[in-house]
Amino acid sequence: MKTIYTILCSLLFASFASAGAVSVAAKPDSEKKPGDKTKPDVTRAYWLNVRVSNSTATKLDGVTLKWALYSATIKRGADTISVEKSGEMKISVDANGRYVDVATPKVAFTMIPYHTVRKGRSSQVVEASGKKYHGFHVQILNGTEVIGEAVSESVKKELK
């Protein structure tokens, strides 16, 4: 009986030890795309720079990095949050504190800010519209098991 208890405790400890051994750090980056100066629309490309660290003694070979960029649809009184683009890629991370840096593809977010258009002696109000960047969610999967994760605060609130 004592042997079974010892085995169960060691398995439980091993699962907790491996769960925190892979860390994920994601940093969003962006660039403004050049556009027509006569139009009010703003297009900005966003992507993630992700660092996956492996402090285990075994190499992570062929794990899946799953990512998503979220957008906020701009409409007065009815902003909605949704996945703008997502994807997956296979990565490998050497053991014993090694890391790998990965950049996701660029995703364009286009919005038209609230502005006025002059028509003769009067002006017309144009409401804000389009989509703006809202946040990200990154997971490292070994099969179906999540072994590392990074979520922006804005998306974390939405996922609750």
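About the cut-offs
Residues numbered from 1 in each chain as written. Predicted model: local features only at pLDDT ≥ 70, side-chain atom pairs only at ≥ 80, totals over all residues. Heavy atoms only, no water. Helix = DSSP H or I, 4+ residues; strand = E, 2+ residues; numbered from the N terminus. Buried < 20%, exposed > 50% of the residue type's maximum accessible area, 1.4 Å probe, protein only. Contact = heavy atoms within 4.5 Å. Areas by Shrake-Rupley, 256 points an atom, 1.4 Å probe, with all protein chains shown as cover. pLDDT = per-residue confidence, 0-100. Salt bridge = Lys/Arg side-chain N within 4 Å of Asp/Glu carboxyl O. Phe/Tyr/Trp six-rings, centres within 6.5 Å; stacked < 30°, edge-to-face > 60°.

Visitor: When you look at the overall build of the protein in this model, what are you seeing that I'm missing?
Guide: Each helix and strand in the protein was counted, giving 2 helices and 10 strands. Counting from the amino terminus, the protein carries its helices and strands in the arrangement α-β-β-β-β-β-β-β-β-β-β-α. Split into buried and exposed, the 160 residues of the protein put 29% on the buried side. A separation of at least 24 residues holds for 60% of the contacts in the protein among residues at least 6 apart in sequence. Summed over all atoms, the accessible surface of the protein reaches about 10,600 Å², with 54% contributed by carbon and sulfur.

Visitor: I'm lost on the confidence of the model for the protein in this one. Help?
Guide: The predicted structure's coordinates, where accompanied by low pLDDT, should not be read in detail. For the protein, per-residue confidence averages 83 on the pLDDT scale, and 82% of positions sit at 70 or higher. Least confident of the elements in the protein is helix H1 (residues 2–19), whose mean pLDDT is 35; most confident is strand S5 (residues 98–103), at 95. Here residues 1–19 is modelled with pLDDT under 50, and outside its nearest four sequence neighbours on either side it reaches 1 contact, counting other chains as well.

Visitor: So what exactly am I meant to see when it comes to the environment of Asn96 here?
Guide: Relative to the assigned elements, Asn96 resides in the loop between strand S4 (80–93) and S5. Owing to a relative accessible area of 58%, Asn96 belongs among the exposed residues under this scheme. Through-space distance from the C-alpha of Asn96 to that of Thr58 is 7.5 Å; in sequence the pair is 38 residues apart. The residues contacting Asn96, other than those within four sequence positions of it, are Asn54, Thr56 and Ala57.

Visitor: Mind showing me how you'd approach the pattern of salt bridges here?
Guide: Pairs may arise between side chains of opposite charge once their charged atoms sit close together. Counted according to the given criterion, the structure contains 5 salt bridges. The closest approach of N and O atoms between Lys131 and Glu84, which form a salt bridge, is 3.3 Å. On the criterion of sequence distance, the pair formed by Lys131 in strand S9 (residues 129–142) and Glu84 in strand S4 is long-range, its members being 47 residues apart. Given the relative accessible area of 32%, Lys131 is considered partly exposed. Between Lys156 and Glu153 there is a salt bridge, with the nearest N and O atoms lying 3.4 Å from each other. A residue pair is termed a helical-turn pair when its members lie 3 or 4 positions apart in one helix, as Lys156 and Glu153 do in helix H2 (residues 153–159) at 3 residues.

Visitor: Got a minute to help me understand the packing of aromatic side chains in this structure?
Guide: Here the distance between the centres and the angle between the planes together describe a pair of aromatic rings. Throughout the structure, instances matching the rule amount to 3 aromatic pairs. Ring geometry for Tyr46 versus Phe109: centroids 5.5 Å apart, planes at 85°, classification edge-to-face. Residue Tyr46 is found in strand S2 (residues 42–54), and its partner Phe109 is found in strand S6 (residues 107–112); the two are separated by 63 residues along the sequence. Both residues of the pair, Tyr46 and Phe109, count as buried. A centroid spacing of 4.3 Å and a plane angle of 10° characterise the contact between Tyr46 and Tyr133, whose relative ring orientation is stacked. Here the residue Tyr46 occupies a position in strand S2, and Tyr133 occupies one in strand S9, the gap between them amounting to 87 residues. Of the two residues, Tyr46 and Tyr133, neither departs from the other in class, the shared state being buried.

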